[in-house]
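Structural overview for review
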Amino acid sequence: MLHVRLICVGKLKEKFYREACAEYEKRLKGYCKLEIIELTEQRLPDSPSQAQIDAALAKEAEAIRAKIPAGSAVVAMCIEGGTLSSEQFADKLSKWMGNGVSHISVLIGGSCGLDESRAAAAVHVTDDVSASFGARDGAGTAVSGAQYRIRRKIS
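A few points on the structure. For every chain, the first residue of its written sequence is number 1, and the numbers climb from 1 along that sequence. Side-chain atom pairs in this predicted model are given and counted only at pLDDT of 80 or more, local residue features only at pLDDT of at least 70, and totals for whole chains, interfaces and linings cover all residues. Side-chain numbers here rest on the full set of heavy atoms in the structure, without hydrogens or water.

1. Let's talk about a nonpolar patch on the surface
Where we set the bar: Patch definition: residues with relative accessible area over 30% and no salt bridge; like charges joined within 9 Å; nonpolar side chains (Val, Leu, Ile, Met, Phe, Trp, Tyr) joined within 5 Å. Note on areas: these come from Shrake-Rupley sampling with a 1.4 Å probe, and a residue is covered only by the protein chains present in the view. A carboxyl oxygen of Asp or Glu within 4 Å of a side-chain nitrogen of Lys or Arg is what we treat as a salt bridge. The secondary structure listing takes helices from DSSP runs of H or I that are at least 4 residues long and strands from runs of E that are at least 2 residues long, numbered from the N terminus.
The grouping of Leu12, Phe16 and Tyr17 at the surface amounts to a nonpolar patch, some 310 Å² of accessible area in total. Inspection of the secondary structure assignment puts tyrosine 17 in helix α1 (residues 15-28).

Right, dumping it as structure tokens:
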């Protein structure tokens, strides 16, 4: 069975989001083993400098890196994504599984995003595909423009 580790910087605070997350966890049980890890977001002053933001992102990247299992395929959700349909993303997952990948780590950054340079240094990639889902993806699920970058880690 596929193991999916969702690594998030920050925590869901709103009750309706926690309930929606619990519903999706329940729905996915038959298809994968889902593990959700919520990491502490670095605190920043009200008007942080770029250096303060970079330092916070670097600390968050270290915490994220520590949670990615060896040999895991990595999907970093980020604003720079291109277009990939649900069917194309499913094909990518299928190919990974066909190549023996049994763990996938999905990264979600905090309010300042993900530290791209440090994440890229931590994740040696053989595959780099960007993806974006529109207001409704092929499965009919509302996604509202979330961005995804797919990376496969070299063991």
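Still to come is the rest of the account.
2. Structural notes on the nonpolar core
For clarity, the threshold we go by: Side-chain atoms within 4.5 Å link the members of a nonpolar core, which is a set of buried Ala, Val, Leu, Ile, Met, Phe, Trp, Tyr and Cys residues. The cut-offs for exposure are 20% and 50% of the maximum accessible area for each residue type, with area from a 1.4 Å probe on protein chains only; residues under the lower value are buried, those over the upper are exposed, and the others partly exposed.
Counting 12 residues, the largest nonpolar core is built from Leu2, Val4, Leu6, Cys8, Cys32, Ala73, Val75, Phe89, Trp96, Val101, Ile104 and Val106. Breaking this core down by element, the ones donating at least two residues are β1 (2-9), β3 (73-77), α3 (86-98) and β4 (103-108). Top contributing element to this core by residue count: β1, with four residues. Among the nonpolar cores identified, the runner-up in size contains 10 residues, and Ile37, Ile64, Val74 and Leu107 belong to it.

3. Focus: the pattern of salt bridges
Counted by the stated rule, this structure contains five salt bridges. The shortest N-O distance in the salt bridge between lysine 15 and glutamate 19 comes to 3.8 Å. Note that lysine 15 and glutamate 19 are positioned in helix α1 at a spacing of four residues, about one turn of the helix. For glutamate 19, a relative accessible area of 46% gives the class partly exposed. Because the salt bridges share partners, they merge into one network encompassing Glu23, Lys26 and Arg27.

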